[in-house]
Amino acid sequence: MVGMKLPELQKKLISAARMQTVSDRVPYAFEKRVMAYIRSCPAVDVTALWAQALWRSAGACLAVVAVLGAVSIFTPHSQPAPGDLSQDFEKTMLAALDSDYFR
Amino acid sequence: MERTEAELIAAVLRGDAASFEPLVEKYSPRVFATARRYARRESEIEDIVQEVWLKAFQKLVSFRGDAPFEHWLMRLAVRTCYDFLRGHQRNRESMFSELTDPEEDWLDRFVTQPESANENADAARLLIERIMDQLSPPARLIITLLEIEDRSVKEIAQLTGWSIPLVKVRAFRARAEMRKLLAKMAKDKYL
């Protein structure tokens, strides 16, 4: 590696790549082949894909709703504990609107 | 009378698929030249170009017409080439021990007399192809667009869909990756 100047080598190789001309040759009757390929591929129906995705997500949403409904129906309701964090939080947030608070 | 590009595109969008053929005929040379920068085997190049045209046909409805069709098509082509690179990441193992005699001679000449190592030599082209083949897909894309095709960062951002800062970061990493590969090549050869 002694004597190998890497930045200079990099520069030389990049300019070698720049000097290389890239062919733009197109194979014979390529456009006919492309058109046949395009015609053979089924067209993408965006609306159908969107409707399909919506139906799938609707099924999943219904399942979640059913599970949550069942949980709320079959879970015994209990009074919130005196030190319930959610109650305290709600009280603090609504303190400004609660007129009793200022009396 | 020959139809304009806008008329052809409008006809395709109305369901006349045959109107797409003149566009394929006109722009295929440019798409082939782009694809040849990223793939070597002719069968792979043809597959890439075919894929570009299929995508162009399917996404033509998203072409708004505020920029030339060619620009829109070239963005599709560059992104398809990038997908191709990502899908063909195998065989990127370093193979510097397999340098050909002309490549070795060119490197020896570069070490002894750097100015006498001609950039126009076939060996130099083979060496850079070897290096490019071993770069990661983003590095190869960036080096090709920025260093070889001499495009601006803004142009690259438009072509790739990356943000300008991301292009700059990837360019920095790509140059570092290339230097690392060159160092490895030098080490394999001279140590």
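Conventions we followed
Residues numbered from 1 in each chain as written. Chains lettered and ligands numbered in written order. Predicted model: local features only at pLDDT ≥ 70, side-chain atom pairs only at ≥ 80, totals over all residues. Helix = DSSP H or I, 4+ residues; strand = E, 2+ residues; numbered from the N terminus. Buried ≥ 20, exposed ≤ 12 C-beta atoms within 10 Å, placed from the backbone. Contact = placed C-beta atoms within 7 Å. Axes fitted to C-alpha atoms, helices over the stretch in contact; angles between N-to-C directions. Parallel < 35°, antiparallel > 145°, perpendicular 65-115°, else oblique. Nonpolar A, V, L, I, M, F, W, Y, C, P; charged D, E, K, R; others polar. pLDDT = per-residue confidence, 0-100. Core = buried A, V, L, I, M, F, W, Y, C linked by C-beta atoms within 7 Å.

S.K.: Explain the overall build of chain B residue by residue, including any values.
M.R.: Looking only at helices and strands, chain B features nine helices and zero strands. Walking chain B from its N terminus toward its C terminus, one meets helices and strands in the order α-α-α-α-α-α-α-α-α. Expressed along its principal axes, the backbone C-alpha trace of chain B runs to roughly 65 × 35 × 30 Å. Buried positions account for 30% of the 191 residues belonging to chain B. For chain B, long-range pairs separated by at least 24 residues make up 60% of all intrachain contacts whose partners lie at least 6 apart in sequence.

S.K.: Report on the packing of helix H7 (residues 137-148) of chain B against helix H9 (residues 164-190) of chain B, specifying residues and quantitative values.
M.R.: Residues and elements named next belong to chain B. It is the contact of H7 with H9, at a shortest axis distance of 9 Å, that shows an interaxial angle of 100°. The angle between the axes of H7 and H9 places the two elements in the roughly perpendicular class. Along the contact surface, H7 presents Pro138, Ala139, Ile142, Ile143 and Leu146, while H9 presents Arg170, Ala171, Arg173, Ala174, Glu177 and Met178. Across the contact of H7 with H9, the residue classes tally to eight nonpolar, no polar and three charged.

S.K.: Break down the interface of chain A and chain B for me, with residues and values.
M.R.: Quite often, the size of an interface is put as the accessible area lost when its parts meet. Listed per partner, the contact involves 32 residues of chain A and 39 residues of chain B. Secondary structure elements with two or more residues in the side of chain A that touches chain B: helix H1 (6-19) and helix H2 (30-40) of chain A. Residues belonging to the side of chain A that touches chain B are distributed by class as follows: 19 nonpolar, five polar and eight charged.

S.K.: So, the confidence of the model for chain A: which residues are in play, and what are the values?
M.R.: Looking at chain A, pLDDT values average 81 and 82% of them are 70 or higher. Of all the helices and strands in chain A, helix H5 (residues 99-102) of chain A carries the lowest mean pLDDT, 56, while H2 of chain A carries the highest, 91.

S.K.: Can you lay out the nonpolar core for me, pointing to particular residues and giving the numbers?
M.R.: Counting residues in each nonpolar core, the largest one holds 51 residues, and the members touching the most others are Leu13 of chain A together with Ala35, Val49, Ile128, Ile131 and Ile143 of chain B. Here the element with the most residues in this core is helix H3 (residues 42-58) of chain B; it accounts for seven residues. Once residues lying within four places of it in the same chain are set aside, the contact partners of Ala35 of chain B are Ile45, Ile48, Val49 and Cys81 of chain B.

S.K.: Describe the environment of Phe74 of chain A, and please don't skip the residues or the numbers.
M.R.: Residues and elements named next belong to chain A. Assignment of secondary structure puts Phe74 in helix H3 (residues 46-74). Taking the number of C-beta atoms within 10 Å as the measure of exposure, Phe74 has 7 and is therefore exposed. Distance from Phe74 to Lys5, taken between C-alpha atoms, is 77 Å for residues 69 residues apart in sequence.

S.K.: Help me get a handle on unusual backbone geometry, residues and values and all.
M.R.: Across residues other than glycine, the phi torsion is negative in most instances, and most of the peptide bonds are trans. One non-glycine residue with positive phi stands out, namely Ala29 of chain A, at about 55°. Counting through the fold element by element, Ala29 of chain A comes out in the loop between H1 and H2. Phi angles above zero are rare outside glycine, and Asp150 of chain B is one such case at about 60°. Position of Asp150 of chain B among the secondary structure elements: in the loop between H7 and helix H8 (153-160).

S.K.: Report on the packing of H8 of chain B against H9 of chain B, specifying residues and quantitative values.
M.R.: All names here are of chain B. Here H8 crosses H9 at 105°, and the two axes come no closer than 9 Å. If you check the angle between H8 and H9, you find them roughly perpendicular. On H9, the residues that touch Val153, Lys154, Ile156 and Ala157 of H8 are Ile164, Val167 and Lys168. Grouping the constituent residues of the contact of H8 with H9 by class yields five nonpolar, no polar and two charged.

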